[in-house]
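What follows is each chain in one-letter form.
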Amino acid sequence: MENYTGLERVKHVGAMTLAAVLLGGNIVLSKVAADDGMTMRVMVAYRWIFATAFLGPIAIVVEWNKRPKLTWTVILQAFLSGLLGGSLFSILFYTSVIMTSATFATAIYNLIPAMTFVIAVLLRFENLSFDKVSGKAKVMGTMICVGGAMVLTLYKGVEVHMWPIKIDLLHHANEATHKKVLAESGAFALGIVLAVTSCVCYSLWIVLLAKVSKNYPCHYSSTALMSVMGSIQSVIFALCFDREVSQWKLGLDRRLFVVLYLGILGSGIVVILMTWCSQKRGPLFVSVFNPLILLFVALASSLLLDETLYLGSILGGFLIIMGLYVVLWGKGKDMKASKLILSKGASQKNDLEAPEDQVGQLTDSSTIKQGMTQ
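Residues numbered from 1 in each chain as written. Predicted model: local features only at pLDDT ≥ 70, side-chain atom pairs only at ≥ 80, totals over all residues. Heavy atoms only, no water.

### Some points on the overall build of the chain
For clarity, the cut-off: Secondary structure elements follow DSSP: runs of H or I no shorter than four residues count as helices, runs of E no shorter than two count as strands, and numbering proceeds from the N terminus. The classification of residues rests on relative accessible area computed with a 1.4 Å probe and restricted to protein chains. Under 20% of the type maximum is buried, over 50% is exposed, and intermediate values are partly exposed. Shrake-Rupley sampling with a 1.4 Å probe provides the accessible areas, and residues are treated as covered by the protein chains on show and by no other component.
Scanning the chain from terminus to terminus reveals 14 helices and 2 strands. Evaluated residue by residue, the chain yields a buried proportion of 43% over its 374 residues. By element, 69% of the accessible surface of the chain is carried by carbon and sulfur atoms, the whole surface being about 20200 Å².

Structure representation (structure tokens):
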């Protein structure tokens, strides 16, 4: 374990806090773009186009002489990454944001670590280890997350008013129509299904990353390649439904600001921050900051989007966050145990090699002595 100074720890925490705020901005601004008449399909296409334009030059410069040979296996894995973690996930998730609410969809988003654990166990990438404390913690945390999602879905409760003054960025006419659509149980239920499906796609992508990192260890280049695939997929999908020029037209308006934010800040800068923190402190440190996205979205949505917070959303979100930390605690126990086993194995190996080295030294010295006597 590396020892970090107080300033370095502040930098790491600050970087991940900024990443959480930027990711929360993605969710809030997606509703602003939808309110302006922009479809989620076109918004996702522009997001990955601008993300590719931003990450591509960085990958070329930073990993100029480090990239391994590009094989068909890497291309296929990049295609699946662009689909599961890029185009398909983005379309499903942002559509669920429009059909439910920003706070609700973000709370469901926090189920991703628990879903990833379940999928990893089913695919045998992760050991259940129910006989250990860490295994029980991961199972218990997953159950708490599922319970929180059920509370969030089934229980509404009283309204919670947080701000004496609100700034409404949405058009009142469009928002009234939107609330009328949300009043239909079918639309809200479909939004729940889309949110859960998007989390499953993202969890599959996280599991796939283990294979991608082995075959193509250059992170910036693999991310840029994923962005290229995601942009191609999302553009083709959007053109199947949105062929009118007016849907794709960008001017000096809210649409341009949203897609630039999503592509450069909400995708490019976030990837850089998360990559840097993952290299310095590990992926577990990065995962711990996921609940901050829910906190920021809940505050920003109630302040800027005139969304009403309910007690059920707060309780469900709290349970999901608590379950998330239980899962991460169990995973952290496993990581410490594996490191301890590796360190013991290395020390035993050194102990076994030491006598051989000493025997070799004695043999060499005796040979030299025999040569000198001869």
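### Some remarks on the nonpolar core
Nonpolar side chains in soluble globular proteins tend to end up buried together. Heads up, the rule is: To form a nonpolar core, buried Ala, Val, Leu, Ile, Met, Phe, Trp, Tyr and Cys residues must be joined to one another through side-chain atoms within 4.5 Å. Contacts are assigned to residue pairs that have any heavy atoms within 4.5 Å of one another.
If you look at the biggest cluster of nonpolar residues, it comprises 61 residues, and the most contacted ones within it are Met43, Phe93 and Ile108. With 9 residues, the top contributor of residues to this core is helix α3 (residues 72-99). Excluding its chain neighbours within four sequence positions, the residues that come into contact with methionine 43 are Ser30, Ala33, Met38, Tyr94, Val258, Val259 and Leu262.

### A short note on the packing of aromatic side chains
Let me state the cut-off plainly: Only centres within 6.5 Å qualify two rings of Phe, Tyr or Trp (six-membered ring in Trp) as a pair; their planes then separate them into stacked at under 30 degrees, edge-to-face at over 60, and tilted for everything else. Placement of a charge over a ring requires the Lys NZ or Arg CZ to be within 6 Å of the ring centre, with the centre-to-atom vector within 35 degrees of the ring normal.
The full count for this structure, using the stated rule, is 11 aromatic pairs. Taking 5.6 Å as the distance between ring centres and 70° as the angle between the ring planes, the aromatic pair formed by phenylalanine 93 and tyrosine 94 counts as edge-to-face. Owing to a relative accessible area of 3%, phenylalanine 93 belongs among the buried residues under this scheme. Residue tyrosine 94 is classed as buried on the basis of its relative accessible area, which comes to 4%. Three or more aromatic residues link up through ring pairs in this structure, and these residues are Phe89, Phe93, Tyr94, Tyr109, Tyr202 and Trp205. The aromatic ring of tryptophan 48 is capped on one face by arginine 47, whose charged end is 4.8 Å from the ring centroid.

### What to know about the pattern of salt bridges
Applicable threshold: By definition, a salt bridge exists where a carboxyl oxygen of Asp or Glu is found within 4 Å of a side-chain nitrogen of Lys or Arg.
Applying the stated rule across the entire model yields 4 salt bridges. Across the pair arginine 41 and aspartate 242 runs a salt bridge, and its minimum N-O distance is 2.9 Å. One end of the pair, arginine 41, is in helix α2 (residues 40-62); the other, aspartate 242, is in the loop between α9 (219-241) and α10 (245-248), with 201 residues separating them in the sequence. We classify arginine 41 as partly exposed; its relative accessible area is 25%. Salt bridges sharing common partners tie together Asp35, Asp36, Arg254 and Arg255.

### Concerning the side chain of serine 198
Put simply, the test is: Identification of polar contacts relies on pairs of N or O atoms within 3.5 Å, with a donor-acceptor requirement for protein atoms, meaning one able to donate a hydrogen and the other able to accept it, and with residues adjacent in sequence counted only if both atoms are side-chain atoms.
Mapped onto the elements, serine 198 comes out in helix α8 (residues 185-215). Taking the relative accessible area as the measure of exposure, serine 198 reaches 0% and is therefore buried. Polar side-chain contacts of serine 198 include one of 2.6 Å to the backbone oxygen of alanine 195. Apart from the residues lying within four places of it in its own chain, the contact partners of serine 198 are Phe89, Leu92 and Phe93.

### Some details on the environment of threonine 39
As for its placement among the helices and strands, threonine 39 is situated in the loop between α1 (6-35) and α2. What makes threonine 39 buried here is its relative accessible area of 17%. Residues threonine 39 and isoleucine 91 lie 52 residues apart in sequence; the distance between their C-alpha atoms is 9.8 Å. What threonine 39 contacts, discounting residues up to four positions off in sequence, is Asp242 and Gln247.

### Quick word on the packing of α2 against α3
As a reminder, the rule being used: Every angle, taken between N-to-C directions, lies between 0 and 180 degrees, and every axis is a line fitted to C-alpha atoms, over only the stretch in contact when it is a helix. Each angle gets one of four labels, with under 35 degrees taken as roughly parallel, over 145 as roughly antiparallel, 65 to 115 as roughly perpendicular, and the rest as oblique. Two helices cross in a left-handed way if the nearer one is turned anticlockwise from the farther one by less than a right angle. They cross in a right-handed way if the turn is clockwise. Polar here means any residue other than Ala, Val, Leu, Ile, Met, Phe, Trp, Tyr, Cys and Pro, which are nonpolar, and Asp, Glu, Lys and Arg, which are charged; Gly is therefore polar.
Taken N-terminus to C-terminus, the directions of α2 and α3 make an angle of 140°; their axes are 9 Å apart at the nearest point. Judged by the inter-axis angle, α2 sits oblique to α3. In the packing of α2 onto α3, the handedness of the crossing is right-handed. Facing Met40, Met43, Val44, Arg47 and Trp48 of α2, the residues of α3 in contact are Gly85, Gly86, Ser87, Ser90, Ile91, Tyr94, Thr95 and Ile98. Per-class residue counts for the contact of α2 with α3 are 7 nonpolar, 5 polar and 1 charged.

### Quick word on the confidence of the model for the chain
To keep it simple, the criterion reads: Looking at any residue, its pLDDT shows the predictor's confidence there, from 0 to 100.
The predicted model of the chain has a mean per-residue pLDDT of 78, with 79% of residues at 70 or higher. Low confidence marks residues 172-177, where pLDDT is under 50. Its contacts with residues over four positions away, or in another chain, come to 4 contacts. When the criterion is pLDDT under 50, residues 356-374 qualifies, and its contacts beyond four places in sequence or with other chains add up to 0 contacts.

### Observations regarding helix α13 (residues 290-304)
So the rule is basically this: How far a helix is expected to stretch is found by multiplying one less than its residue total by 1.5 Å.
If you check α13, its first and last C-alpha atoms are 21 Å apart, about what 15 residues at 1.5 Å a residue would give, namely 21 Å. Those residues of α13 lying buried are Asn290, Pro291, Ile293, Leu294, Val297, Ala298, Ala300, Ser301 and Ser302. The first or second residue beyond α13 is aspartate 306, which carries a positive phi of 60°.

### Details of helix α5 (residues 112-122)
In terms of burial, α5 is largely enclosed, as 8 of its 11 residues are buried. Among all positions in α5, only Ile112, Pro113, Ala114, Met115, Thr116, Phe117, Ile119 and Ala120 are buried. After α5 finishes, the residue arginine 124 shows a positive phi value of roughly 65°.

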